[in-house]
Amino acid sequence: MAKSFTPELKRILKDAGCYFVRPGKGDHERWYSPCSEREFTVDNSIKSRHTANITLKQAGLPKAF
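Residues numbered from 1 in each chain as written. Predicted model: local features only at pLDDT ≥ 70, side-chain atom pairs only at ≥ 80, totals over all residues. Heavy atoms only, no water.

Colleague: Just to check I follow, could you spell out the overall build of the protein for this structure?
Modeller: Assigned secondary structure in the protein consists of two helices and three strands. Secondary structure elements in the protein, listed N-terminal to C-terminal, are α-β-β-β-α. Taken over C-alpha atoms, the radius of gyration comes to 11 Å for the protein, in line with the 11 Å a tight globule of 65 residues would show. Projecting the C-alpha coordinates of the protein onto the three principal axes gives extents of approximately 35 × 25 × 15 Å. Relative to its 65 residues, the protein shows a buried fraction of 29%. Of the accessible surface of the protein, which amounts to about 4200 Å², a share of 54% is contributed by carbon and sulfur atoms. (Helix = DSSP H or I, 4+ residues; strand = E, 2+ residues; numbered from the N terminus. Rg over C-alpha atoms; globule rule 2.2 N^0.38 Å. Buried < 20%, exposed > 50% of the residue type's maximum accessible area, 1.4 Å probe, protein only. Areas by Shrake-Rupley, 256 points an atom, 1.4 Å probe, with all protein chains shown as cover.)

This is the structure we're talking about:
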């Protein structure tokens, strides 16, 4: 089974000051980023480094994967 990038992604987001806002549809969550001043979606089972990096981009953070 492929590893999930979600735990490491959430750690990076929290370290940058992002925080959980509310549950989303299915296994998704809505988070807020003070860097980009907007909400974005985080999937709880990210298997692709590309998806993880896109989430970081939406949060206004540099690539990490």
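Colleague: Would you mind showing me how to read the nonpolar core here?
Modeller: In summary, soluble globular proteins display a tendency toward joint burial of nonpolar side chains. Ranked by size, the top nonpolar core spans 13 residues in total, and within it Leu13 and Phe40 carry the most contacts. Elements with a contribution of two residues or more to this core: helix H1 (6-15), strand S3 (38-43) and helix H2 (49-58). Among the elements that take part in this core, H1 stands out by supplying three residues, more than any other. (Core = buried A, V, L, I, M, F, W, Y, C linked by side-chain atoms within 4.5 Å.)

Colleague: Explain the sheet that holds strand S1 (residues 19-23) to me, please; I cannot follow it from the model alone.
Modeller: Within a beta sheet, neighbouring strands are joined by backbone hydrogen bonds and run either parallel or antiparallel to one another. With antiparallel pairing, three strands are arranged side by side in an open sheet as S1-S2-S3. With partners counted over all chains shown, the strands left at the sheet margins are S1 and S3, one partner each. Between one strand and the next, the sheet's axes are offset by a mean angle of 35°, whatever the strand orientation. Relative to strand S2 (residues 28-33), S1 runs antiparallel, the two sharing four bridges. Looking at the pairing, Pro23 lines up with Glu29 of S2. Of the strands in this sheet, S2 and S3 are in contact with H1, which crosses S3 at around 160°. (Pairing = 2+ DSSP bridges. Axes fitted to C-alpha atoms, helices over the stretch in contact; angles between N-to-C directions. Contact = heavy atoms within 4.5 Å.)

Colleague: It is not clear to me how H2 should be interpreted in this structure. Could you clarify?
Modeller: Side chains of residues three or four places apart in an α-helix project in the same direction, reflecting 3.6 residues per turn. The complete set of buried residues in H2 reads Ala52, Asn53, Thr55 and Leu56. Mapping the buried residues of H2 onto a view down its axis gives an arc of 155°, with all of them on the same face. In this fold, the buried residues of H2 make contact with H1 and S3. Where H2 begins, the capping side chain belongs to Ser48, and its oxygen is found 3.1 Å from the backbone nitrogen of His50. Among the residues trailing H2, Gly60 stands out with phi positive, at a value near 85°. (Arc of directions from axis to C-beta. Polar contact = N/O pair within 3.5 Å; in protein donor to acceptor, adjacent residues only side chain to side chain.)

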